[in-house]
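Chain by chain, the residues run as shown.
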Amino acid sequence: MLKDITLGQYFPGDTPVHRLDPRAKILCVVLYIVALFCAKWVISYALMALVLCVCVLFSRVPFRAMSRGLRPVYIIVLFTAVMNLFFTAGTPVSDLPVLRHITVEGAYTAGFMALRVILLIMGTFLLTYTTSPIALTDALDSLLSPLKKLRFPVHELTLMMSLALRFIPTLIEETDKIISAQKARGADFESGGLIRRAKALLPVLVPLFVSAFRRADELATAMECRCYHGGEGRTALHVLRFAAADGVAIAAFAVLTAAMIVLRNLGW
Amino acid sequence: MIQAQQVTYTYPAEEGREAKDALRAVTLTVERGSFVAVLGHNGSGKSTLAKHFNAVLLPAGGRVLVDGMDTADSAVTLEIRRRVGMVFQNPDNQIVANVVEEDAAFAPENLGVPTEEIRRRVDDALAAVGLSDLRRHAPHLLSGGQKQRLAIAGVIAMEPECIVLDEATAMLDPAGRRDVLETVHELNRRRGITVVLITHHMDEAIRADRVVVMNEGAVAMDGTPSEVFAQVDTLHSLGLAAPDTVELLYGLKQDGLALTPDALEVDACADAIASALARKEI
């Protein structure tokens, strides 16, 4: 049952989007988000949607996969849209009983809000779809490295992230095994209310934690045996290098952000 | 290569348990380029001894020298760990990265090896264990035997002089065990890497140059496989069984057949039985 969870939604590929330096991609996404929050009226939203579509086409990530990523947030989008629809002050749409509560401004706000959330999520998903988790942690390591001067443990943080990613499938497998073992001894995980089911999970969590701690201990020894001694003096198999395309991409998104700010002031 | 001199080690007392002497004055020398199998039942101290070989544990008494360097000297710990690589029992708990080749690169990255040299070492190490085709795979999708070979590759990338396998085959299926053993023998033969194989499978020790049997934290037997496994009574008194072929011959001898139980290979065993039967008929 737990095997169905797909983690690391990376779509391997060799497109211009995939080839970009992960640091450049993170910066582009940050600029994209800033631009998105500057968008105010139909024209700017249309422009943002166009930019996203172009990026998705370049990345060759199927649109179906992009919309699948939205599934968990549909409810939130719907909820905020409905809330905006009814609770925005302004002129009512008509005088009929229900429609009286809906304002023209509310309808616009609801539409823009939903569009903003959808564009935001799709944009960030495109980053994780086209960048492997390792490249992402490497990029964070590099982008955050100025913080090392402030004694911020950047290397430790990114190592923890990549180890966590590495052990997710292992721990899922382990959870599956423990659940089977408990079921074999008559444990019931499927009936009863929410509280009862949550309680039934306790005998799964305890052995899982014990085993996770044991694993951590063994892993630490194994890492020390392979000469791990902190981030000092480490080199890397894959070194990140900025290429011309990365500069172009960042510049393009910077222009986009600037354009959105101008459009915002024009009220478009 | 490795010299253990009068090594003693005591695990600290835990709640409800007394402190236990894991090693009692063990003296053992591992020759460069040799293939040494260390046998013993659970709690015999074999794993504890192995962990002394690369300074994971430090002796409470006596000392361990690796190429003349004392493991107690923290200034040389890294160099000792580079020279003596270690592979553990659980393959899942020693793989660090999300991609096969990244994992093989972990040790050289730690050692500060330049990028191009890391690439060369990783390619070389993966080729040596036969995982070159899977370099881009995620480690959790590998089989147990493949994971353990990846762990070996991760060690080889340090360019060590010695590899210690601490029950590295215990959690594998027969095919995985065979693959791992084959890889280790290959490394020993082709590259002259010293191998210390800690195991409780007797048949894994047959092809070793030397067999050391541990019992109660001390070396109980030490010799070539045929010397050690011929002493079936001693092995039994230590709670161990000889390899299947020897056990078979031993049983037949007990039943009155005139033969010496010393054949370690199946063919030799069959020959011994055949000639004993022939002699009996005459």
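Residues numbered from 1 in each chain as written. Chains lettered and ligands numbered in written order. Predicted model: local features only at pLDDT ≥ 70, side-chain atom pairs only at ≥ 80, totals over all residues.

## Points about the overall build of chain A
A tally of regular secondary structure across chain A gives 11 helices and zero strands. Oriented by its inertia axes, the alpha-carbon framework of chain A measures out at about 70 × 55 × 35 Å. Within chain A, buried positions represent 23% of all 268 residues. Across chain A, contacts joining residues at least 24 apart in sequence account for 75% of those joining residues at least 6 apart. (Helix = DSSP H or I, 4+ residues; strand = E, 2+ residues; numbered from the N terminus. Buried ≥ 20, exposed ≤ 12 C-beta atoms within 10 Å, placed from the backbone. Contact = placed C-beta atoms within 7 Å.)

## Focus on the overall build of chain B
Of regular secondary structure, chain B possesses 12 helices and 10 strands. Relative to its length of 282 residues, chain B is compact, with a C-alpha radius of gyration of 21 Å against a globular reference of 19 Å. C-alpha extents for chain B along the principal axes are approximately 70 × 45 × 35 Å. Looking at chain B as a whole, 50% of its 282 residues are labelled buried. (Rg over C-alpha atoms; globule rule 2.2 N^0.38 Å.)

## Examining the confidence of the model for chain A
Residue and element names in this part refer to chain A. When pLDDT is averaged across chain A, the result is 84; 97% of the residues are at 70 or more. Helix 2 (residues 22-38) holds the highest mean pLDDT among the elements of chain A, 92, whereas helix 4 (residues 63-68) holds the lowest, 79. Scored below 50 in pLDDT, residues 1-7 makes seven contacts in the model with residues more than four places away or belonging to other chains. (pLDDT = per-residue confidence, 0-100.)

## Brief notes about the nonpolar core
Counting residues in each nonpolar core, the largest one holds 100 residues, and the members touching the most others are B:Val38, B:Ala153 and B:Val196. With six residues, helix 6 (residues 144-156) of chain B is the largest single contributor of residues to this core. A domain split of this core shows at least three residues from each of domain 1 (2-225) and domain 2 (243-282) of chain B. In this view, B:Ala153 contacts B:Ala104, B:Ala125, B:Leu126, B:Ala128, B:Val129 and B:Leu131; residues no more than four positions away in its chain are not counted. Ranked by size, the runner-up nonpolar core spans 25 residues in total, among them A:Leu20, A:Ala35, A:Leu127 and A:Tyr129. (Core = buried A, V, L, I, M, F, W, Y, C linked by C-beta atoms within 7 Å. Domains from an automatic or database assignment.)

## Let's talk about the sheet that holds strand 1 (residues 2-11) of chain B
Residue and element names in this part refer to chain B. Read from one edge of the open sheet, four strands run 2-1-4-5, paired in antiparallel fashion. Of all the strands in the sheet, just strand 2 (20-30) and strand 5 (69-70) have a single pairing partner and so form its edges. Relative to strand 4 (residues 61-66), strand 1 is paired through five bridges, and the arrangement is antiparallel. Residue pairing for strand 4: Gln5 is matched across the bridge by Arg63. (Pairing = 2+ DSSP bridges.)

## Some points on the pairing of strand 8 (residues 194-198) of chain B
Residue and element names in this part refer to chain B. Counted residue by residue, strand 8 has five buried out of five residues, so it is predominantly covered. Burial along strand 8 is two-sided: Thr194, Val196 and Ile198 facing one way and Val195 and Leu197 facing the other are all buried. One ladder, built from four bridges, connects strand 3 (residues 35-39) with strand 8; its direction is parallel. Residue pairing across strands places Val38 opposite Ile198, the latter belonging to strand 8. In the sheet, strand 7 (residues 162-166) pairs with strand 8 via five bridges, with the strands oriented parallel. Residue Leu165 lies in a different strand from strand 8, and its bridge partner there is Leu197.

## Comments concerning the interface of chain B and chain A
If you look at the interface, chain B gives 34 residues, while chain A gives 25 residues. Secondary structure elements with two or more residues in the side of chain B that touches chain A: helix 2 (77-83), strand 6 (84-87), helix 3 (100-104), helix 4 (106-110) and helix 5 (115-128) of chain B. Looking at the side of chain B that touches chain A residue by residue, the classes come out as 16 nonpolar, 11 polar and seven charged. (Nonpolar A, V, L, I, M, F, W, Y, C, P; charged D, E, K, R; others polar.)

## Looking at the domain arrangement of chain B
The assigned domain composition of chain B is domain 1 (2-225) and domain 2 (243-282). Each of domain 1 of chain B and domain 2 of chain B has a C-alpha centre, and these two points are 35 Å apart.

## Quick word on the sheet that holds strand 3 of chain B
Residues and elements named next belong to chain B. Read from one edge of the open sheet, six strands run 6-7-8-3-9-10, paired in mixed fashion. On the outer flanks of this sheet lie strand 6 and strand 10 (218-223), each paired with one strand and no other. Adjacent strand axes in the sheet meet at a mean angle of 20° when their direction is disregarded. Sheet analysis places strand 9 (residues 210-215) next to strand 10, joined by five bridges and oriented antiparallel. What sits directly across from Val213, in strand 10, is Met221. (Axes fitted to C-alpha atoms, helices over the stretch in contact; angles between N-to-C directions.)

## Things to note about helix 6 (residues 104-130) of chain A
Note that an α-helix has 3.6 residues per turn; residues three or four places apart therefore point the same way. Residue and element names in this part refer to chain A. Over its 27 residues, helix 6 extends 39 Å from the first C-alpha to the last, a length consistent with the 39 Å expected when each residue adds 1.5 Å. Regarding helix 6, the residues found buried are Gly106, Ala110, Leu119, Met122, Gly123, Leu126, Leu127, Tyr129 and Thr130. Those residues of helix 6 that are buried lie in contact with helix 1 (16-19), helix 2, helix 3 (42-59), helix 4 and helix 5 (74-87). (Expected span 1.5 Å × (residues − 1).)

## Quick look at helix 6 of chain B
Residue and element names in this part refer to chain B. Look at helix 6: 18 Å from first C-alpha to last across 13 residues, which is about the 18 Å you get at 1.5 Å a residue. Extensive coverage of helix 6 is indicated by the burial of 12 of its 13 residues. Within helix 6, the full set of buried residues consists of Gly145, Gln146, Lys147, Gln148, Arg149, Leu150, Ala151, Ile152, Ala153, Gly154, Val155 and Ile156. Its buried side turned inward, helix 6 meets strand 6, helix 3, helix 4, helix 5, strand 7 and helix 7 (174-191).

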